[in-house]
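Summary of structural features
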Amino acid sequence: MKIFCGRANPTTGAMEWLEEDEDYDYHQEIARSRYADMLHDKDRNVKYYQGISAAVRRVKERGERAIVLDIGTGTGLLSMMAVSAGADFCYAIEVFKPMANAAVKIVEKNGFSEKIKVINKHSTEVTVGPDGDMRCRANILITELFDTELIGEGALPSYEHAHKYLVQEGCEAVPHRATVYAQLVESKRMWSWNKLFPVHIQAEDDKKIIVSPSEMENCPGVSSVYDIQLNQMPWNDFTILSDVVTMFSVDFSKQVSSASAYHRVVLQPVKSGMAQVIFSWWDIDMDPSGTIKCTMAPYWAQPTSLDIQWRDHWMQCVYFLPNEKPLLQGEIVYLTACRDEYSVWYKLQKARDKEDKTDAHVASPVCRCQAHLLWNRPRFGELNDQNRTNEYIKALKKVLKTDSVCLCISDGSLLPVLAHYLGAQQIFKANHLEDKIKIIEKRPELLTPSDLENKKVSVVIGEPFFTTSLLPWHNLHFWYARTAAANQLVRNITVLPQSASLHMMVVEFKDLWRIRSPCRTCEGFDVHIMDDMIGNSLNFRESKEAEPHPLWEYPCKSLSDPQQVMTFDFRQTVPQHRLSTEGSMKLLRTGKSHGAILWMVYHLTADISINTGLVQISNEKGNCQWNPHCKQAVYFFSSVIESEAVADPSSAIAYSLSFDPKTGKIAMDFKLLP
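Residues numbered from 1 in each chain as written. Predicted model: local features only at pLDDT ≥ 70, side-chain atom pairs only at ≥ 80, totals over all residues. Heavy atoms only, no water.

Looking at an unreviewed UniProt entry, one finds the protein named Protein arginine N-methyltransferase and attributed to Alligator sinensis. What UniProt states about the protein under its Sequence similarities (unreviewed entry) heading is, verbatim, "Belongs to the class I-like SAM-binding methyltransferase superfamily. Protein arginine N-methyltransferase family. PRMT7 subfamily." Regarding the protein, the UniProt comment filed under Catalytic activity (unreviewed entry) reads as follows: "L-arginyl-[protein] + S-adenosyl-L-methionine = N(omega)-methyl-L-arginyl-[protein] + S-adenosyl-L-homocysteine + H(+)". (UniProt positions renumbered as here; feature names shortened; annotations may be inferred.)

Let us look at the nonpolar core. Counting 114 residues, the largest nonpolar core has Tyr48, Leu69, Phe279 and Tyr346 as the members making the most contacts within it. The residues touching Leu69, leaving out its near neighbours within four places in the chain, are Tyr91, Ile93, Met134, Ala138, Ile140, Leu141, Ile142, Leu166 and Val167. Among the nonpolar cores identified, the runner-up in size contains 46 residues, and Leu452, Val565, Ala596 and Phe670 belong to it. (Core = buried A, V, L, I, M, F, W, Y, C linked by side-chain atoms within 4.5 Å. Buried < 20%, exposed > 50% of the residue type's maximum accessible area, 1.4 Å probe, protein only. Contact = heavy atoms within 4.5 Å.)

Attention shifts here to unusual backbone geometry. What is expected of a backbone is that most residues other than glycine have negative phi and most peptide bonds are trans. In this structure, Pro175 follows Val174 across a cis peptide bond, with omega equal to 0 degrees. By secondary structure assignment, the location of Pro175 is in the loop between strand E7 (167-174) and strand E8 (177-186). The omega torsion of the bond from Glu463 to Pro464 falls at -10 degrees, within 30 degrees of zero and hence cis. For Pro464, the location among the structural elements is in the loop between strand E21 (457-461) and helix H13 (477-484). The phi dihedral of Glu453 falls on the positive side, at around 55 degrees, and the residue is not glycine. Even without a glycine there, the phi angle at Asn454 is positive, about 60 degrees. Looking at where Asn454 falls in the secondary structure, it is placed in the loop between helix H12 (415-421) and E21. (Helix = DSSP H or I, 4+ residues; strand = E, 2+ residues; numbered from the N terminus.)

To continue, consider the side chain of Ser499. Mapped onto the secondary structure, Ser499 falls in strand E23 (residues 499-509). Residue class for Ser499 comes out buried when judged on its relative accessible area of 8%. Sequence-distant contacts of Ser499, that is, excluding residues within four places in its chain, are made with Phe568, Asp569, Phe570, Val601, Tyr602 and His603.

As a further point, take the packing of aromatic side chains. Applying the stated criterion across every chain, the model contains 29 aromatic pairs. Pairing Trp235 with Trp300 gives two aromatic rings, centres 5.8 Å apart and planes at 65 degrees, and the pair type is edge-to-face. On the criterion of sequence distance, the pair formed by Trp235 in the loop between strand E11 (226-228) and strand E12 (239-240) and Trp300 in the loop between strand E16 (293-295) and strand E17 (316-327) is long-range, its members being 65 residues apart. With a centroid separation of 5.8 Å and 55 degrees between ring planes, the pair formed by Trp479 and Phe570 is classed as tilted. Taken as a pair, Trp479 in helix H13 and Phe570 in the loop between strand E28 (563-569) and strand E29 (579-586) lie far apart in primary sequence, 91 residues in all. A relative accessible area of 2% means that Trp479 is categorised as buried. According to the relative accessible area criterion, Phe570 is buried, its value standing at 0%. (Phe/Tyr/Trp six-rings, centres within 6.5 Å; stacked < 30°, edge-to-face > 60°.)

Okay, helix H11 (residues 386-399) next. The end-to-end C-alpha distance of H11, which contains 14 residues, comes to 20 Å, matching closely the 20 Å that a straight helix rising 1.5 Å per residue would cover. Within H11 the residues assigned to the buried category are Arg388, Thr389, Tyr392, Ile393, Ala395, Leu396 and Val399. Buried-residue contacts for H11 involve strand E9 (199-202), helix H10 (377-383), H12, E21, strand E22 (489-496) and strand E31 (609-611). For H11, the capping residue at the N-terminal end is Asp385, with a side-chain oxygen 3.1 Å from the backbone nitrogen of Asn387. (Expected span 1.5 Å × (residues − 1). Polar contact = N/O pair within 3.5 Å; in protein donor to acceptor, adjacent residues only side chain to side chain.)

Turning to the sheet that holds strand E14 (residues 261-267), a few remarks are in order. Whether parallel or antiparallel, the strands of a sheet pair through hydrogen bonds between backbone atoms. Taken together, three strands build an open sheet; the order of strands is E14-E18-E19 and the sheet is antiparallel. Two strands close off the open sheet at either side, each with one partner strand: E14 and strand E19 (344-350). With direction set aside, neighbouring strand axes in the sheet form an average angle of 20 degrees. With seven bridges connecting them, strand E18 (residues 333-339) and E19 associate as antiparallel partners. Residue Cys338 lies in a different strand from E19, and its bridge partner there is Trp345. (Pairing = 2+ DSSP bridges. Axes fitted to C-alpha atoms, helices over the stretch in contact; angles between N-to-C directions.)

And the structure:
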């Protein structure tokens, strides 16, 4: 059966109705999941196995039958561990039906069907009794319901319900407890992800400064966590102001409450500075004594002898304080972690500011300026990049005249203000320039001469940036919008950027390959069925498409030189015919060709460009540095990943790319040449 799905095309801007297979959402969910990443997480798997074995042993030593409840079983891995460790029976709950079906097959494949019952329900719908889903309450509770923030996937209400209705009082729990840690930090780089800094403009007559309005400056922002691979943050980009402190713990072997709560600690800064950011992470103890521990701590908070497990399903948290606060070394400050069912946020108070000694709970921050709702964290960083801004200023100086009438096509851009200060007539609004800049809330094709005060546009400008863009070429929406507005433009229109080029390079990833690599066996259990399931969903569509990743967080080395493969001329309207190209990339270094990276370069003028991808190849080994404000596109080579062959330096990757102007999509295909 086929179904019609409506969606906005991020490149063309058109609303499309597409015929999809009825299983499309299911395949997309599986293909984009992180099941492979979890199965490759050796540290997680070993610690769970050790904790489960110890819990079963403790129950057996008490002379009891070991009855296990596994909430969120996924592949059934933890249930199979429990039965292998001696559990008498296991109830494995999985709400996602395709995953539950796979778990049944995996359990059967490994010979555990008689002792594991897979229940395709949400845990809050499970019944207990002679005619229920479970014949009796369990005395061992196993879960893996955690995200980077610990509680963001609903762990607390799930535990709360399980203790009330599904497990015995005093049950064993794996993990036994979780502990959340925090550290005060000063970081201009990370603070630039939260506030808009003043923008300096050198005009012909004097210097100008664009400042954010007071409602933006004083806005507390949003409470949502920013989860990143903190181990990839350069050490010189932040200053640690406090020791690591324990904020709160949750004992999963006892009744858990999902009600809102707060936890306050007293700390003394170890260094003077501006408190701006909270680093946070958690660890889980798999046993009551805490001897079996799985930690998300960044490298500086771990023993130097410990090998740090790479994982993408659990990372570290960055929280932004509502306002930066100057601290002196040794002074008393109070750090409060507040939480509801699904999220955590922080407040910092100095001792003299702490008036309310009875209730430290603080309402979750709510953005009042709208900027934190419009711009994501990397976008704030991009707007605060003065070097990048200077390139736009240089380019605008080249193309603007005193009588220029500009049309800016970008979301939430500062370009109109820059253009005004550099002497153009303008169409937009900001920074007390209401009489100079006009906002037009229309689609480009609906513009009329009256919208433009009966003037023809002489300069079209854009970064380009659009909030709906995920892949680099989605920002080609600028081209479509410029084309749609063609009737309102002068014949010899100036366009900035004048063109864009798509660049590409073959890489070997240090770790990111794991998210798409088959696992085959995990701690001795056969999970081929899961590999096949992911593979089938990838082949449904996803394996033929690129996916966005912020590559500054994911180290890789280049195996080929970067290569320009396509060009898009914004001075011309979008063509009616396809743009296609073929070629090959010679592999210059040995390594595993995990995939191709693609990114855009915007040519503002003939000699000024903005690069959204590769900044540089930093050494002879091919280690890459990437633009930290943008996501790059990654196309994984499934055939190369499967073979895991070391590439011959004399071989090459053949590519074929085709841009369809009707859909705005780029089809691509790659083959390893001998």
